[in-house]
Amino acid sequence: MHVVIATDGSKQSLNAAQYLRSFADPESVTSVSVLAVISPLAAVPFATESDSGHKDIEELSFRTAAQAATAQVADVLDGWNATMDLVAEQGKQVYRSLV
C-alpha cells in the first residue's frame, strides 16, 4: 500500500502522522510520500515545530523550511520498512513527483 501524507510544518501535521502510525499496519505499507507544497506567494515559509520562531531574514527559505517539515513527518514513521519519498515542490511539480 502507498500512503500519501501532506504537511504544512504544523503540530497538527505531526499529529496526523502519529495517528497513521497508531492504526496502520507497517507491514502493509510499502511506500510513503510526504508532501509539502511550496507557495511562492506566501508571506513566510513553513514553521516547523522545532523552530524557535526567531530567524534572520537570510535564513528564511521556503524550500528549506518545506524540506525540514517533510523530514519531521518522516521521522515520526522511522522504523517502518516502507520507502520514504520526501517531496517539497511548487504546485504542479508535486503532482509530477507522484506520477
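Since this is a predicted model, take the numbers as computed values, not measurements.

Thoughts on the overall build of the chain
Turning to step 1, where the next piece is worked out: Each helix and strand in the chain was counted, giving 3 helices and 3 strands.
Turning to step 2, where the next piece is worked out: Traced from its N-terminal end to its C-terminal end, the chain shows the element sequence β-α-β-α-β-α.
Turning to step 3, where the next piece is worked out: Within the chain, counting contacts between residues at least 6 apart in sequence, those at least 24 apart form 74% of the total.
Turning to step 4, where the next piece is worked out: Counting only carbon and sulfur atoms, one obtains 52% of the accessible surface of the chain, whose full area is about 6,200 Å².

Re the sheet that holds strand β2 (residues 31-38)
Turning to step 1, where the next piece is worked out: Spatially, the 3 strands line up as an open sheet ordered β1-β2-β3, and their pairing is parallel. With one partner strand each, in any of the chains shown, β1 (2-6) and β3 (83-90) form the two edges of the open sheet. Along the sheet, successive strands turn relative to each other by an average axial angle of 20 degrees, direction set aside.
Turning to step 2, where the next piece is worked out: Of the strand pairs in this sheet, β2 and β3 are connected by 8 bridges, and their pairing is parallel. From the neighbouring strand, L35 faces β3, where its bridge partner is V87.
Turning to step 3, where the next piece is worked out: Helix α2 (residues 62-76) contacts β1, β2 and β3 of the sheet and is inclined by roughly 155 degrees relative to β3.

Structural notes on helix α1 (residues 11-23)
Turning to step 1, where the next piece is worked out: Relative to the 18 Å expected for 13 residues at 1.5 Å per residue, α1 spans 19 Å between its end C-alpha atoms, a close match to the ideal helical length.
Turning to step 2, where the next piece is worked out: Restricting attention to buried positions, one finds in α1 the residues S13, L14, A17 and L20. Summarising the axial view, the buried residues of α1 lie within an arc of 115 degrees, below the 170-degree limit, and thus occupy one face. In α1, the exposed positions that point more than 90 degrees away from the buried face belong to Q12, Y19, S22 and F23.
Turning to step 3, where the next piece is worked out: Next to the buried residues of α1 lie β1 and α2.

Quick look at the pairing of β2
Turning to step 1, where the next piece is worked out: The element β2 is extensively covered by neighbouring structure, given that 6 of its 8 residues are classed as buried.
Turning to step 2, where the next piece is worked out: Bridge count for β1 against β2 is 5 bridges, and the pairing is parallel. Looking across to β2, one finds that H2 is bridged to S31.
Turning to step 3, where the next piece is worked out: The handedness of the β1 to β2 crossover, carried by α1, is right-handed.

Here's the deal with the side chain of T7
Turning to step 1, where the next piece is worked out: Within the secondary structure, T7 is located in the loop between β1 and α1.
Turning to step 2, where the next piece is worked out: Of the polar contacts made by the side chain of T7, one reaches the backbone nitrogen of G9; its length is 3.0 Å.

Here is what the cut-offs are and how they apply
Residues numbered from 1 in each chain as written. Predicted model: local features only at pLDDT ≥ 70, side-chain atom pairs only at ≥ 80, totals over all residues. Heavy atoms only, no water. Helix = DSSP H or I, 4+ residues; strand = E, 2+ residues; numbered from the N terminus. Contact = heavy atoms within 4.5 Å. Areas by Shrake-Rupley, 256 points an atom, 1.4 Å probe, with all protein chains shown as cover. Pairing = 2+ DSSP bridges. Axes fitted to C-alpha atoms, helices over the stretch in contact; angles between N-to-C directions. Expected span 1.5 Å × (residues − 1). Buried < 20%, exposed > 50% of the residue type's maximum accessible area, 1.4 Å probe, protein only. Arc of directions from axis to C-beta. Right-handed = clockwise from strand over helix to strand, strands pointing away. Polar contact = N/O pair within 3.5 Å; in protein donor to acceptor, adjacent residues only side chain to side chain.

Function-wise, these values are silent; they only describe arrangement.
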